Amino acid sequence: DDKTIRFLVKNPNLMPVISMEGSQETTDERRGEGIYARIQDAMANMKKAGILFGASVTVTKNNVEEVLSEEFVKNLGRAGVKAVVYVEYVPVDKISEDLAPDDAIRKYMEQRMAELRSKDEELLLIAFPGDEKTSGGCLAAGRGFFHINAQGGAEPCPFSPYSDTNLTSTSLLQALKSPLFVRLRDTVVLMESHSGGCVLFDREEQVRELTGQV
């Protein structure tokens, strides 16, 4: 809305990232009817105001070809998007496991990302966790980023919701030195292979042990 637009204009260090699943049909099916239209309006308003913003796209077996198509990426660029983060779907239960990308899809994603990057050097394209190969493992727990939940808790990443430090009572620098983050960085957990999505999600019990939440 107008209030948010004014806030973002005054704080250009903030970069909003809008989540979507692909086309109107795909997005509304997953996120609710009418969401795609609201997304388009929001992007149009931010583009008009000159705000730097990006898009986050959840990649599943069902939408991978659509969201990695040249047409989809070009449409995002025309809408004013400057960065696209492709996030592999991580199942939260056995029911949705079949949506998660497998090795064949991850290989396809890697090829398509290389092709898309070669055709559009102005649009930043990021694959998560696919690009971890170039950074020597998972970047969570302060290796490259960490996640702050709604209560201020500092978590390794959104898919590993465990915390021993809260930003309401400590600084960002101190949070980076939290016992949990230090233990994760000092062990080989972040460098281990995983079945897809997130290495910490695959090793939930291990993370819980490091936090003392057994």
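This report concerns the structure included in the present document. Quick caveat: nothing in here was measured; it's all calculated off a predicted structure. (Residues numbered from 1 in each chain as written. Predicted model: local features only at pLDDT ≥ 70, side-chain atom pairs only at ≥ 80, totals over all residues. Heavy atoms only, no water.)

### A word on the overall build of the protein chain
This is how the line gets drawn: Runs of H or I in DSSP of at least four residues are treated as helices and runs of E of at least two as strands, each being numbered from the N terminus. To get the radius of gyration, use the C-alpha atoms; to get the globule rule, take the number of residues to the power 0.38 and multiply by 2.2 Å. A 1.4 Å probe rolled over the protein chains alone gives each residue an accessible area, and that area as a share of the maximum for its type sets the label: buried under 20%, exposed over 50%, partly exposed in between. The contact criterion used is simple: two residues touch if any of their non-hydrogen atoms lie within 4.5 Å. Residue exposure ignores everything except the shown protein chains as possible cover, and the areas themselves are Shrake-Rupley values with a 1.4 Å probe. Residues scored as charged are limited to Lys and Arg (positive) and Asp and Glu (negative), so that His and the chain ends carry no count. Note that the charge is assigned to NZ on lysines, CZ on arginines, CG on aspartates and CD on glutamates.
Of the regular secondary structure elements, the protein chain holds 10 helices and 6 strands. On C-alpha atoms alone, the protein chain measures out to a radius of gyration of 18 Å, which is about the 17 Å that the 2.2 N^0.38 rule sets for 214 residues. Dimensions of the protein chain, computed from the C-alpha atoms along their principal axes, are close to 45 × 45 × 35 Å. Across the 214 residues in the protein chain, those meeting the buried criterion constitute 41%. Considering only residue pairs separated by 6 or more positions, the protein chain has 58% of its internal contacts joining residues 24 or more positions apart. Of the roughly 12,300 Å² of accessible surface on the protein chain, 52% is carried by carbon and sulfur atoms. Mean positive and mean negative side-chain charge positions of the protein chain (25 and 33 charges, respectively) differ by 6 Å.

### Quick look at the environment of N62
Along the chain, the position of N62 falls in the loop between β2 (54–59) and α4 (64–67). On the basis of relative accessible area, N62 is assigned to the exposed category, the value being 65%. Residues N62 and D98, spaced 36 residues apart in sequence, show a C-alpha to C-alpha distance of 9.7 Å.

### A closer look at the nonpolar core
Stated formally: What is meant by a nonpolar core is a set of buried Ala, Val, Leu, Ile, Met, Phe, Trp, Tyr and Cys residues, joined one to another through side-chain atoms within 4.5 Å.
Formed by 30 residues in total, the largest nonpolar core has its most connected members in M20, M43, L68, V81, V84 and Y86. Once residues within four sequence positions are removed from consideration, M20 is found in contact with T27, R31, I39, M43, A55, S56, V57, T58, F72 and L76. In this structure, A154, Y162, A175 and L200 belong to the second largest nonpolar core, which totals 17 residues.

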